[in-house]
Amino acid sequence: MAILLDGRAIGARIREKVKERVARMAIKPGLAVLLVGDDPASHLYVSLKRKACEEANIRFELFLYPANEPEAVILAKVDELNRREDITGILVQLPLPSQDANRMIAHIHPNKDVDGFHKENVRALSEGRPGIVSALALGILKLIDEGRGALGRGTQKNRAAIVGSSLFAEPIRYLLAEQNVFAERVDPDDAELATKTNVSDILIVGVGRPGLITGICVKPGAIVIDVGTTKIDEQVIGDVDALSVEPIAGAMSPVPGGVGPMTVAMLLLNILKAAELQKTS
Ligand code: GUN
């Protein structure tokens, strides 16, 4: 049976270290979150980010907008937050109901973009320059690292498949390449999905389609990271069919309790990194 990669436990350890680092900082970092509309999942994720920040003594400010708020109003707030010295990180919760997410993200100063979504930060990553790296991608990489450790460092794990959009796959691909892991993106609608994924030592899936990945898609002993989140009857469900995958995979991350808490923990690390960048810029 696969080893379960416990994102809650790993995330809690990281958050504890962040708290210790914040305690030593003369000027405390501050996160501003812009939340548009009333999507319950987005409100839930933001409340988890708030709790994590407050526990680590990172100041947290929330700006709420109705779903139909004109884009210009939100962009003006981003401008104001860019200028504020006490706000070291800015995050626009996605998805946005009607506003253009790319325009919003482009407006955030790259040194305050704690999600690592700004094109300057994505370009820096692709060119191997320093910048803020996607918290989601960092969380996934940390789980893979844990999986490698649990399965034994000696095991060769240098071929990966990433099932999802290219926007999702690219930052993960760059980070894996730095570790000499060759990653191929596989389209979720690819007719050959199973034969493309079941040769991979590492399988990462972030689509939002429960049951997409079954046992036949998985190479025996592989590390499987489930990034899917679909809400069905108050329950969050991943893309991986745990029942058929667990007996085949070497290690796998659960949903909930896998990538989600890791992303929050990595966001806190990014807030510290952003504060450092602003001190030196
Ligand atoms: N919505 C779901 N995940 C994320 C995330 O990591 N960042 C933002 N800003 N929105 C999200």
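Residues numbered from 1 in each chain as written. Predicted model: local features only at pLDDT ≥ 70, side-chain atom pairs only at ≥ 80, totals over all residues. Heavy atoms only, no water.

A few words now on the UniProt feature "binding site: NADP(+)" (unreviewed entry) in the protein chain. The positions that UniProt labels "binding site: NADP(+)" (unreviewed entry) are, in the present scheme, Thr-229. Along the chain, Thr-229 falls in the loop between β8 (223-226) and β9 (230-232). Beyond its immediate sequence surroundings of up to four residues, Thr-229 is in contact with Tyr-45, Val-236 and Ile-237. (UniProt positions renumbered as here; feature names shortened; annotations may be inferred. Helix = DSSP H or I, 4+ residues; strand = E, 2+ residues; numbered from the N terminus. Contact = heavy atoms within 4.5 Å.)

To continue, consider empty space enclosed by the protein. If you walk through the whole model with that rule in mind, you get two cavities of 30 Å³ or more. There is about 40 Å³ of room inside the largest cavity. What lines the largest cavity is simply Arg-159, Ala-160, Ala-161, Phe-182, Glu-184, Lys-196, Val-199 and Ser-200. Elements supplying a minimum of two residues to the lining of the largest cavity: β5 (159-163) and β6 (182-186). No other element matches β5, which puts three residues into the lining of the largest cavity. Residues of the lining of the largest cavity, tallied by class, amount to four nonpolar, one polar and three charged. By volume, the second largest cavity amounts to about 30 Å³. (1 Å grid on protein atoms, 1.4 Å probe; cavity = no way out; pocket = protein on both sides within 12 Å on 5 of 7 lines; lining within 4 Å. Points joined across faces, edges and corners; volume = space filled by probe spheres on them. Nonpolar A, V, L, I, M, F, W, Y, C, P; charged D, E, K, R; others polar.)

It is worth spelling out the sheet that holds strand β4 (residues 89-92) at this point. One open sheet accounts for three strands, arranged β3-β2-β4; its pairing is parallel. Two strands close off the open sheet at either side, each with one partner strand: β3 (59-65) and β4. Recorded for the sheet is a direction-independent mean angle of 15° between the axes of neighbouring strands. Summarising the sheet, strand β2 (residues 30-36) and β3 pair through seven bridges and their orientation is parallel. By the bridge assignment, Val-33 is partnered in β3 with Leu-62. Its contacts with the sheet place helix α3 (residues 71-83) against β2, β3 and β4, and it is angled at close to 180° to β2. (Pairing = 2+ DSSP bridges. Axes fitted to C-alpha atoms, helices over the stretch in contact; angles between N-to-C directions.)

This part is about a nonpolar patch on the surface. Together, Leu-44, Tyr-45 and Leu-48 line one region of the surface with nonpolar side chains, adding up to about 250 Å² of accessible area. Counting through the fold element by element, Leu-48 comes out in helix α2 (residues 40-55). (Patch = residues over 30% accessible without salt bridge, like charges linked within 9 Å, V, L, I, M, F, W, Y side chains within 5 Å. Areas by Shrake-Rupley, 256 points an atom, 1.4 Å probe, with all protein chains shown as cover. Salt bridge = Lys/Arg side-chain N within 4 Å of Asp/Glu carboxyl O.)

Right, let's get into the sheet that holds β6. A sheet is described by the order of its strands in space; here six strands give the open sequence β1-β11-β8-β7-β5-β6, paired in parallel fashion. One side of each edge strand has no neighbouring strand; the edge strands of this open sheet are β1 (3-4) and β6. In this sheet, strand β11 (residues 251-252) lies alongside β1 in parallel orientation, the contact comprising two bridges. Looking at β11, one finds that Leu-4 is bridged to Met-252.

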